Amino acid sequence: MTATARKDRIAQAFGSHANAYDSAANVQWLVAQKLAARIREAIPGDTPRVLEIGCGTGFLSMHLKTLYPKGELILTDIAQSMLD
């Protein structure tokens, strides 16, 4: 299997479950909350520029937006439906 085919398969697998992901991701939500708090301690100020690779449905992104309302978030994910 080529790298592109593998990437497409992974994106499709995640994307097909995007609508139900949040309801089954309690641990991910808790981890995102704790990680956001640690990021806030490490990155002071109000306007950081943050690149989040593999943001999924946005657990960490939502926390970061709350902590840094004036910051710039650049979000990516392999599955477009996660970003939607």
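Residues numbered from 1 in each chain as written. Predicted model: local features only at pLDDT ≥ 70, side-chain atom pairs only at ≥ 80, totals over all residues. Heavy atoms only, no water.

J.: Teacher, can you tell me more about the environment of Ser16 here?
T.: Among the structural elements, Ser16 can be located in the loop between α1 (3-15) and α2 (18-21). Taking the C-alpha atoms as reference, Ser16 lies 10 Å from Gln80; in sequence the two are 64 residues apart. (Helix = DSSP H or I, 4+ residues; strand = E, 2+ residues; numbered from the N terminus.)

J.: What am I meant to see in the pattern of salt bridges here?
T.: Once the charged atoms of two side chains with opposite charge are near each other, the side chains can pair. Across all of its chains, the model carries 2 salt bridges by this definition. Ionic pairing is found between Arg40 and Asp46, a salt bridge with its closest N-O pair at 3.8 Å. Residue Arg40 is classed as partly exposed on the basis of its relative accessible area, which comes to 28%. Residue Glu72 is joined to Arg49 by a salt bridge in which the shortest nitrogen-to-oxygen separation is 3.2 Å. Of this pair, Glu72 sits in strand β2 (residues 72-76) while Arg49 sits in strand β1 (residues 49-53), and the two are 23 residues apart along the sequence. Exposure remark for Glu72: the relative accessible area of 39% places this residue in the partly exposed category. (Salt bridge = Lys/Arg side-chain N within 4 Å of Asp/Glu carboxyl O. Buried < 20%, exposed > 50% of the residue type's maximum accessible area, 1.4 Å probe, protein only.)

J.: Mind showing me how you'd approach the nonpolar core here?
T.: Soluble globular proteins tend to pack their nonpolar side chains together in the buried interior. If you look at the biggest cluster of nonpolar residues, it comprises 9 residues: Ala25, Ala32, Ala36, Ile39, Val50, Phe59, Leu60, Leu64 and Tyr68. Of all the elements in the fold, those that place two or more residues in this core are α3 (26-42) and α4 (59-67). Each residue touching Leu64, except ones within four places of it in the same chain, is listed here: Ala36, Ile39, Val50, Glu52 and Leu73. (Core = buried A, V, L, I, M, F, W, Y, C linked by side-chain atoms within 4.5 Å. Contact = heavy atoms within 4.5 Å.)

J.: How do you make sense of the environment of Ser81 when you look at a structure like this?
T.: Topologically, Ser81 is positioned in helix α5 (residues 80-83). According to the relative accessible area criterion, Ser81 is partly exposed, its value standing at 31%. C-alpha separation for the pair Ser81 and Thr57, spaced 24 residues apart in sequence, amounts to 8.5 Å.

J.: Can you walk me through the pairing of β1 in this structure?
T.: Side chains Val50 and Glu52 project from β1 onto a buried face, and the interleaved Arg49, Leu51 and Ile53 project onto a face without burial. Pairing between β1 and β2: 5 bridges, direction parallel. The residue bridging Ile53 from the neighbouring strand is Thr76, located in β2. The β-α-β motif built from β1, the intervening α4 and the parallel element β2 has right-handed crossover chirality. (Pairing = 2+ DSSP bridges. Right-handed = clockwise from strand over helix to strand, strands pointing away.)

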